[in-house]
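Remarks on the overall topology
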Amino acid sequence: MPEGDTVYRAARLLDRTLAGHVLTGTDFRVPQLATADLSGGRVLGTWSRGKHLLTRIDTDHPWTLHTHLKMEGSWHSYMRGQRWRHPAFSARVVLTTGDRLAVGFSLGIVELLSREQEDGAVGHLGPDLLGPDWDEDRAVHRLREDPDRPLADALLDQTRLAGIGNMYLAEVCFVAGLHPTTAVHDVPDLSRLVRRAQQMLELNKERATQTTTGDLRQGRRFWVYRRDQQPCLRCGTTVVVAMRGDPGGERASYWCPSCQPGPT
Ligand SMILES: [Zn+2]
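Residues numbered from 1 in each chain as written. Predicted model: local features only at pLDDT ≥ 70, side-chain atom pairs only at ≥ 80, totals over all residues. Heavy atoms only, no water.

Some words on the coordination of the zinc ion
- Protein ligation of the zinc ion involves Cys232 (SG), Cys235 (SG), Cys256 (SG) and Cys259 (SG), the donor distances falling in the range 2.2 to 2.4 Å.
- Counting residues between consecutive donors of the zinc ion along the chain gives the motif C-x2-C-x20-C-x2-C.
- Residue cysteine 256 is classed as buried on the basis of its relative accessible area of 0%. (Donors = N, O, S within 2.8 Å, 3.2 Å for Na, K, Ca; no water. Buried < 20%, exposed > 50% of the residue type's maximum accessible area, 1.4 Å probe, protein only.)

Right, here's the structure in full:
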């Protein structure tokens, strides 16, 4: 599950490849767009909004290509003739400009919107942790609207604030010393928690390798995320994992039972 900073980096990659250029070819490999052709269109740029990507392309009509990485998706940039790092059958979009290609693999959403429909696609999202209009107070207000909700659910709800996935959820709870099931109203300083989440994404948004500990060594990049059965980097207690959520939508929660004592 990509986090907001991963999506932000995908937008920058698309900008380096496409922004300001005229498309010489487009190939949408999804049934509903099989006949769409935006070649000749000029790419204005790509904007990330939470985990959504909006690529604005002007032909004789202002289009926006809306994509979402969902679980496995990624965007790559290639020179013409260069070997792709994922199998061609998983490509969903190929945008060509001269000798450069942007290829979107295994994308969860691929749709073409009129520019004025953008808000319908992303307007439900809460403040974007990496957005130019990031608003900490509004994010805190949105979280407080449902005070009994466990943090693990509230922080992943993209309509509260946008950009936190399972990894940042685990890490921000650890850094705040809070068990993931702590109710929102039991968080002593919600503003501080939200600020820390924003700082974590901000620090990682230009990095090729994510870390929340500042340590890039294997197994030490995160405090608790995917470190179950291993000693807590702070206190040595064994980190634990539990599955939460509805069947089919379960997510793993990671925490240190000593640093993050649970509600009993
Ligand atoms: Zn610990």
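A word on the layout of surface pockets
- Estimated volume of the second largest pocket: approximately 280 Å³.
- Residue lining of the second largest pocket: 14 residues in total, with Thr6, Arg9, Ala10, Leu13 and Trp75 positioned closest to the centre.
- Elements with a minimum of two residues in the lining of the second largest pocket: α1 (4–18) and β5 (74–79).
- In terms of residues, the lining of the second largest pocket owes the most to one element, α1, which gives 6 residues.
- Looking at the lining of the second largest pocket residue by residue, the class counts come to 5 nonpolar, 4 polar and 5 charged. (1 Å grid on protein atoms, 1.4 Å probe; cavity = no way out; pocket = protein on both sides within 12 Å on 5 of 7 lines; lining within 4 Å. Points joined across faces, edges and corners; volume = space filled by probe spheres on them. Helix = DSSP H or I, 4+ residues; strand = E, 2+ residues; numbered from the N terminus. Nonpolar A, V, L, I, M, F, W, Y, C, P; charged D, E, K, R; others polar.)

Details of the packing of helix α3 (residues 136–144) against helix α6 (residues 190–204)
- It is at 10 Å that the axes of α3 and α6 come closest, and there the two elements cross at 120 degrees. Here α3 is positioned oblique relative to α6, judged by the angle of their axes. Taken as a pair, α3 and α6 cross one another with a handedness that is right-handed. Residues Glu136, Ala139, Val140, Leu143 and Arg144 of α3 touch α6, and the partners they reach there are Leu190, Ser191, Val194 and Arg195.
- Split into classes, the residues belonging to the contact of α3 with α6 amount to 5 nonpolar, 1 polar and 3 charged. (Axes fitted to C-alpha atoms, helices over the stretch in contact; angles between N-to-C directions. Parallel < 35°, antiparallel > 145°, perpendicular 65-115°, else oblique. Left-handed = near helix turned anticlockwise from the far one by under 90°. Contact = heavy atoms within 4.5 Å.)

Focus on the packing of helix α5 (residues 166–176) against α6
- In the contact formed by α5 and α6, the axes pass within 10 Å of each other and the chain directions differ by 125 degrees. In terms of axis orientation, α5 runs oblique to α6. The hand of the α5/α6 crossing is right-handed. In contact with Tyr168, Glu171, Val172, Val175 and Ala176 of α5, α6 contributes Leu193, Arg196, Ala197, Met200, Leu201 and Asn204.
- Split into classes, the residues belonging to the contact of α5 with α6 amount to 8 nonpolar, 1 polar and 2 charged.

Remarks on the pairing of strand β3 (residues 52–58)
- For β3, a buried count of 5 out of 7 residues is recorded, marking the element as mostly surrounded by other parts of the structure.
- In this structure, strand β2 (residues 42–49) lies alongside β3, joined through 7 bridges in antiparallel fashion. By the bridge assignment, valine 43 is partnered in β3 with isoleucine 57.
- Two successive antiparallel strands, β2 and β3, enclose a turn made up of 2 residues, where glycine 50 displays a positive phi of approximately 60 degrees.
- Across 7 bridges, β3 lies against strand β4 (residues 62–68) in antiparallel orientation. Bridge assignment links aspartate 58 to a residue of β4, and that residue is proline 62.
- In sequence, β3 turns back onto β4 through a hairpin of 3 residues. (Pairing = 2+ DSSP bridges.)

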